[in-house]
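# Analysis of the macromolecular model
The primary structure of each chain is shown beneath.
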Amino acid sequence: MTASLPQAVMPAQYLGPVAIFQWPLAWALIGLLLAVDFVWASQVGMKISGSEIRVGLIGALLALSAACHHRHRARANMLEAVAWLFTFAATASVLTYLAASCAFPLQDVVMERWDLAIGFDWSALHTALLDWPTLNRLLLVVYNTLFAQFLLAVIYFSKRDRSARIEELMLLMCATVAPTALISAIWPTLGPFAVHGVGDVTYLRDLLTLRASGPWQFESLAMQGIVAMPSFHTVLAVLFTYAFRGTGLLGYGIAALNAAMLFSIPPIGGHYLVDVLAGAALALGAIAAQRATRYAVSRIRFGLWRETLVGRVLDLARGSVFKPARISAPALAVKSRRLHDARDGGA
């Protein structure tokens, strides 16, 4: 029966050499984001140059992944996952730039007021860290561990043949980047670095350019993070912690690392505390939605299985109560021959 199905509806693992992507749904979501980027950019007059290097690197990684597909499955998964991450980063960057071009009124005054209302003084924290240069450098290192954490997740789960955990992380990243861009579009801020005139404010050049009239042109490799509200750094810290659940000491270590990262995001990343809270809420909401969806699907599958099981039990009970009709030897031979013919045709 499997061979008679068209290849378009067959799972990727049954396509043999044709199968390239281990996670087709994650790539499909990236394709959707790319389509949104392309249409939106063409409408507002934004051009991105210098993408050839990214495309070449991603293509090389996918080619190596395809070459390792049969002999080294774990290695192929690692290469594909890194290619996916580079594609995701490029697509997400363009999406956030497009969101910033909406140029809605800035909300920094409101954000500072909310921070003070919950007892958080960004300026005081930043000043205090200047008196602790070693701690400041340590938090800077912790803040920049996201890529390393993704690589660790890819290597760890690929080696243990748990590619579903990698796919879960990819889907959650896709599910959170679109709301992040949308919220940043309707609630834009410049961030505490710009308001207080401290820290690295190189991102302001692109952000202020986007708030002016277009058209715009940016260099792909020079694009950087410009989203303050909500903090996508926080989103990823929560998602990575969730991805390593149930992994023993490694999971606890990742959780501790990301707890330190959450502390570093306001002073090192130039975020309001409300940005961090919003990012955490977005990540936890996506996780809750993903778990609820998986639970609903499992309930549906269990219902179908239970109905099938009940049907089998009834058939067995019916067979034990009612005496089956006798079948003559010639008739049995005919039925057996038809069954073998049907199997041979289906193969």
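Everything quoted here is computed from the prediction, not taken from an experiment.

### Digging into the overall build of the chain
From N to C terminus, the chain includes 14 helices and 2 strands. Residue pairs in contact within the chain that sit at least 24 positions apart in sequence constitute 82% of those at least 6 positions apart. If you sum the accessible surface of the chain, you get close to 19600 Å²; carbon and sulfur atoms cover 67% of it.

### Here's the deal with helix α12 (residues 249-269)
Spacing of three or four residues puts side chains on the same side of an α-helix, whose turn is 3.6 residues. If you check α12, its first and last C-alpha atoms are 28 Å apart, about what 21 residues at 1.5 Å a residue would give, namely 30 Å. A bend of about 35° at Phe 263 is the largest found in α12, and the proline Pro 266 appears one to four places after it. Turning to α12, its buried residues number three or more, namely Gly 251, Ile 254, Asn 258, Met 261, Ser 264, Ile 265, Pro 266, Pro 267, Ile 268 and Gly 269. Trailing α12 by a residue or two, Gly 270 shows a phi angle of about 70°, which is positive.

### Brief notes about the packing of aromatic side chains
Describing an aromatic ring pair means giving the distance of the ring centres and the angle of the ring planes. Enumeration over the complete set of coordinates arrives at 11 aromatic pairs. Ring centres of Trp 84 and Phe 150 lie 6.5 Å apart, and the angle between their planes is 15°; this geometry places the pair in the stacked category. In this pair, Trp 84 sits in helix α3 (residues 73-100) while Phe 150 sits in helix α7 (residues 146-159), placing the two residues 66 residues apart along the sequence. Across the pair, Phe 150 and Trp 84 agree in class, each one buried. Taking the centre distance of 5.6 Å and the plane angle of 10° together, the rings of Trp 114 and Trp 187 count as stacked. With Trp 114 in helix α4 (residues 108-117) and Trp 187 in the loop between α8 (163-186) and α9 (192-196), this residue pair connects regions lying 73 residues apart in the sequence. The class for Trp 114 is partly exposed, based on a relative accessible area of 40%.

### Observations concerning unusual backbone geometry
Here the amide bond leading from Met 229 into Pro 230 is cis, since omega sits at -5°, within 30 degrees of zero. Inspection of the secondary structure puts Pro 230 in the loop between β2 (216-219) and α11 (232-243). A positive phi angle, close to 55°, is found at Asp 161, a residue other than glycine. Along the chain, Asp 161 turns up in the loop between α7 and α8.

### What to know about the packing of helix α6 (residues 133-143) against α12
For any two helices packed against each other, one specifies the crossing angle of their axes together with the interaxial distance. With their axes 8 Å apart at the nearest point, α6 and α12 run at an angle of 110° to one another. The angle between α6 and α12 falls in the class roughly perpendicular. Mapping the contact onto sequence places Asn 136, Leu 139, Leu 140, Val 142 and Tyr 143 in α6 and Leu 257, Ala 260, Met 261, Phe 263, Ser 264, Ile 265, Ile 268 and Gly 269 in α12. Looking at the contact of α6 with α12 residue by residue, the class counts come to 10 nonpolar, 3 polar and no charged.

### Digging into the pattern of salt bridges
Scanning the entire structure with this criterion turns up 3 salt bridges. As a salt-bridge pair, Glu 168 and Arg 245 come within 3.0 Å of each other at their nearest N and O atoms. On the criterion of sequence distance, the pair formed by Glu 168 in helix α8 and Arg 245 in the loop between α11 and α12 is long-range, its members being 77 residues apart. Its relative accessible area of 9% is what places Glu 168 among the buried residues. For Arg 245, a relative accessible area of 23% puts it in the partly exposed group.

### Side note on helix α2 (residues 52-67)
The end-to-end C-alpha separation of α2 is 22 Å, in line with the 22 Å expected for 16 residues at 1.5 Å each. Restricting attention to buried positions, one finds in α2 the residues Ile 58, Leu 61, Leu 62 and Ser 65. Mapping the buried residues of α2 onto a view down its axis gives an arc of 95°, with all of them on the same face. Seen from the open side of α2, the exposed residues pointing more than 90 degrees away from its buried face are Glu 52, Ile 53 and Ala 67.

### As for the pairing of β2
In regular strands, side chains alternate between the two faces of the sheet. Residue alternation in β2 divides its side chains into a buried set, Trp 216 and Phe 218, and an unburied set, Gln 217 and Glu 219. Where strand β1 (residues 46-49) and β2 come together, 4 bridges link them in parallel fashion. Following the sheet pairing, Lys 47 is matched in β2 by Gln 217.

### Some remarks on a nonpolar patch on the surface
A cluster of nonpolar residues, Phe 104, Leu 182 and Ile 186, forms a patch on the protein surface that exposes about 300 Å² of accessible area. Here Leu 182 shows up in helix α8.

Rules and cut-offs
- Residues numbered from 1 in each chain as written.
- Predicted model: local features only at pLDDT ≥ 70, side-chain atom pairs only at ≥ 80, totals over all residues.
- Heavy atoms only, no water.
- Helix = DSSP H or I, 4+ residues; strand = E, 2+ residues; numbered from the N terminus.
- Contact = heavy atoms within 4.5 Å.
- Areas by Shrake-Rupley, 256 points an atom, 1.4 Å probe, with all protein chains shown as cover.
- Expected span 1.5 Å × (residues − 1).
- Bend = angle between axes of the 7 residues up to and from the residue.
- Buried < 20%, exposed > 50% of the residue type's maximum accessible area, 1.4 Å probe, protein only.
- Phe/Tyr/Trp six-rings, centres within 6.5 Å; stacked < 30°, edge-to-face > 60°.
- Axes fitted to C-alpha atoms, helices over the stretch in contact; angles between N-to-C directions.
- Parallel < 35°, antiparallel > 145°, perpendicular 65-115°, else oblique.
- Nonpolar A, V, L, I, M, F, W, Y, C, P; charged D, E, K, R; others polar.
- Salt bridge = Lys/Arg side-chain N within 4 Å of Asp/Glu carboxyl O.
- Arc of directions from axis to C-beta.
- Pairing = 2+ DSSP bridges.
- Patch = residues over 30% accessible without salt bridge, like charges linked within 9 Å, V, L, I, M, F, W, Y side chains within 5 Å.

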